[in-house]
2 protein chains.
Amino acid sequence: MSVGFCRVSSVFCRFSSVFRQSRFISAGSARFGSGCQERLCRPLLSGDVDRFGGVTVRDFPPDISEDEFTELLRVSLSRWRSDGRVAAWLHVPIALSRLSAAAARHGFSFHHARRDVAVLSLWLGPGEDRLPAFATHQVGVAGAVVDESNGKVLVVQDRNKTKNAWKFPGGLSDLEENIGETAVREVFEETGVRSQFRSLLSIRQQHRHPGAFGMSDMYLICRLSPLSYRIDFCTQECLRCEWLDLAQLAKTSDTTPITSRVAKLLLYGLENGFHNIDLTMEQLPAVYSGLFYQLYHRRLPEE
Amino acid sequence: MSVGFCRVSSVFCRFSSVFRQSRFISAGSARFGSGCQERLCRPLLSGDVDRFGGVTVRDFPPDISEDEFTELLRVSLSRWRSDGRVAAWLHVPIALSRLSAAAARHGFSFHHARRDVAVLSLWLGPGEDRLPAFATHQVGVAGAVVDESNGKVLVVQDRNKTKNAWKFPGGLSDLEENIGETAVREVFEETGVRSQFRSLLSIRQQHRHPGAFGMSDMYLICRLSPLSYRIDFCTQECLRCEWLDLAQLAKTSDTTPITSRVAKLLLYGLENGFHNIDLTMEQLPAVYSGLFYQLYHRRLPEE
């Protein structure tokens, strides 16, 4: 789409009060020359430049039309390219979603969207798009609560499955929830049993996971110790819930392959020491952010 | 927003040819009575009902305005609620993004967006929103390539970091890429060294990770065996690349805490057998989809 200069000016005139109030800028006289008054005030989107050379725009004229924004973005992109920017990011509020359609005409596509903001991106640098992708995995966590006093483990059967297989209670992690926290929460919500985190036992990666919206699934099984024993299971989610002999779970065909594997692991741990099967967790400070992270690996004998 | 019945009719009349061609339906006479011709043809969005009782709309009248769609959606939501639907999903093409703004007026928000489609959702059922969230984690993988013949490991220093710390080469998984594949690919891209996957060593979970767009990061370190030894490192990404003594990496302060931990693990494995530190991988069939997944856990002595 190519629109003449006069129309750009009219866009600017209509929205000049908006541009003055917010963070929109006009191209400087140094570049366009002082002889042309119209070019002096040619409007541009204003954004923050990141350390990778990308520009991010978060403020938009609230009343601009799709067509007017298409033109404003054309002029801005031309400037960003000549300034050597390698990428452009637009954080478009849902109420201004028509601007996303306008951006698509210039090659922008959705990078991601959450709640009331869509983030669109366009690679401007040389060669192929090198922008980092958005999150690719959902994280599910199950908890194997082992009662060491009698060799029993807490298992459930899902209500909504065609095959009634025994499995460990679990579910999806909420955003910013640690693996162990998800296991303890899900076990309580599904079974009514309180427990505490002991170790990580296994990790499963599955792509094109049903229910993951085309993305992948990381499924982790933790070992938990019971803090209470009385079952009060969620009838919306579960058909059955029992304390089952680990030896029986390790042998039965009424279970999933991964549950069977982990039951065998747990049985070995029960008989030979859980240190044989555990990945222990330690919390460490992140290098730059001041935040902490959880690291899971084999404990060494000398630790 | 409340608009009278006549306006609904006019929306329908303007788009009647669209509705006939595509999958839009009108509310049945059984519900609205046969005495009212206008009500007979009251337009509704048409969608697929899933097994959880949600309705998903993928087809929209291409020329409908924001205001007209707001009204069409109002009538459709009323019908879906009376039909007991628990959720509504709209898959809005980027060129029709103005419809997302209209949907937001009815409480819809972005569930996720990728490339040229935004998916909006609205919980219609009783109680709080129980819709599954979109992916929450990016997955990064590093590869520790250990040369068992001389106890050296392949390490790099990032070009773009303020502290020049030794670390294992690695990077983000592409969508549908397995953990081991990412490790081998990233090691080759960064260092020019070819390698093969041996085991998983550690998992780190970090929330509010810088560069993860507000989401979380799962960082996995794998043990790899070298298939070639000559270093030809990527100068865009790396400042240095070396085969370093494992014992030296385990002691140095010029590294990150996680690299130091894993170096100590690897040194122990080198001296006492890698079976002490490895999580081995096996591929298993998924229960329902016919696909396969990768499962990582401690190998048992009897296996």
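As a starting point, this report considers the structure included with it. Note that this is a predicted model, so its numbers are computed, not measured. (Residues numbered from 1 in each chain as written. Chains lettered and ligands numbered in written order. Predicted model: local features only at pLDDT ≥ 70, side-chain atom pairs only at ≥ 80, totals over all residues. Heavy atoms only, no water.)

So, the interface of chain A and chain B
When the parts come together, some accessible area is lost, and that loss is often what is quoted as the size of the interface.
Thinking step 1. Contact residues are listed per partner, giving 85 residues for chain A and 85 residues for chain B.
Thinking step 2. For the pair chain A and chain B, the two sides together bury roughly 7400 Å², of which 65% comes from carbon and sulfur.
Thinking step 3. The largest contributions to the chain A side of the interface with chain B come from Phe-110, Gln-205 and Phe-213 of chain A, which together make up 10% of the buried area.
Thinking step 4. On the surface where chain A and chain B come into contact, there are four salt bridges.
Thinking step 5. The shortest N-O distance in the salt bridge between Arg-261 of chain B and Glu-282 of chain A comes to 2.6 Å.
Thinking step 6. At the boundary of chain A and chain B, one finds 19 residue pairs in polar contact (both at pLDDT 80 or more). (Contact = heavy atoms within 4.5 Å. Buried area = accessible area lost by both parts, 1.4 Å probe. Salt bridge = Lys/Arg side-chain N within 4 Å of Asp/Glu carboxyl O. Polar contact = N/O pair within 3.5 Å; in protein donor to acceptor, adjacent residues only side chain to side chain.)

Let's talk about the side chain of Thr-280 of chain A
Thinking step 1. Among the structural elements, Thr-280 of chain A can be located in strand β15 (residues 280-285).
Thinking step 2. Here Thr-280 of chain A is in contact with Leu-295, Tyr-296, His-297 and Arg-299 of chain A, once residues within four sequence places are set aside. (Helix = DSSP H or I, 4+ residues; strand = E, 2+ residues; numbered from the N terminus.)

Describing the relation of the copies chain A and chain B
Thinking step 1. Structural alignment of chain A on chain B gives an RMSD of 0.0 Å, achieved by rotating through 180° and translating 0.0 Å along the axis. The transformation relating the two chain copies, once decomposed into turn and shift, fits a two-fold axis. Identified as the residue of chain A closest to the rotation axis by C-alpha distance is Arg-98 of chain A, at 2.1 Å.
Thinking step 2. The residues that chain A uses at the interface reappear at the interface of chain B in 100% of cases, marking a shared surface. (Least-squares fit on C-alpha atoms with pLDDT ≥ 70 in both.)

Here's the deal with the sheet that holds strand β6 (residues 109-114) of chain B
Residues and elements named next belong to chain B.
Thinking step 1. As summarised here, the arrangement of the five strands in space is β3-β4-β5-β7-β6, forming an open sheet in which the pairing is mixed. The open sheet is flanked by β3 (48-49) and β6, the only strands paired with a single partner.
Thinking step 2. Sheet topology places strand β5 (residues 87-93) next to strand β7 (residues 117-123); seven bridges connect them, and they run antiparallel. Each bridged residue has a counterpart across the sheet, and for Ala-87 the counterpart in β7 is Trp-123. (Pairing = 2+ DSSP bridges.)

Comments concerning unusual backbone geometry
Peptide bonds are, in most cases, trans, and in most cases residues other than glycine have a negative phi.
Thinking step 1. Phi at Glu-176 of chain A takes a positive value of approximately 70°, unusual for a residue other than glycine.
Thinking step 2. Note on Glu-176 of chain A: relative accessible area 36%, which makes it partly exposed.
Thinking step 3. Of note, the phi angle at Phe-213 of chain B is positive, near 55°, even though the residue is not glycine.
Thinking step 4. Along the chain, Phe-213 of chain B falls in the loop between β12 (195-206) and β13 (216-226). (Buried < 20%, exposed > 50% of the residue type's maximum accessible area, 1.4 Å probe, protein only.)

A word on the packing of aromatic side chains
Thinking step 1. This structure, assessed with the given rule, holds 11 aromatic pairs over all chains.
Thinking step 2. Residues Phe-134 of chain A and Phe-213 of chain B carry aromatic rings whose centres are separated by 6.3 Å and whose planes lie at 50° to one another, so their mutual orientation is tilted. One end of the pair, Phe-134 of chain A, is in the loop between β7 (117-123) and β8 (137-147); the other, Phe-213 of chain B, is in the loop between β12 and β13, on a second chain.
Thinking step 3. According to the relative accessible area criterion, Phe-134 of chain A is buried, its value standing at 8%.
Thinking step 4. Clustering of aromatic rings is evident, with ring pairs tying together Trp-89, Phe-134 and Phe-213 of chain A together with Trp-89, Phe-134 and Phe-213 of chain B.
Thinking step 5. The ring of Tyr-293 of chain B has Arg-204 of chain A sitting right over it, with the charged end atom 5.0 Å from the ring centre. (Phe/Tyr/Trp six-rings, centres within 6.5 Å; stacked < 30°, edge-to-face > 60°. Lys NZ or Arg CZ within 6 Å of the ring centre and 35° of its normal.)

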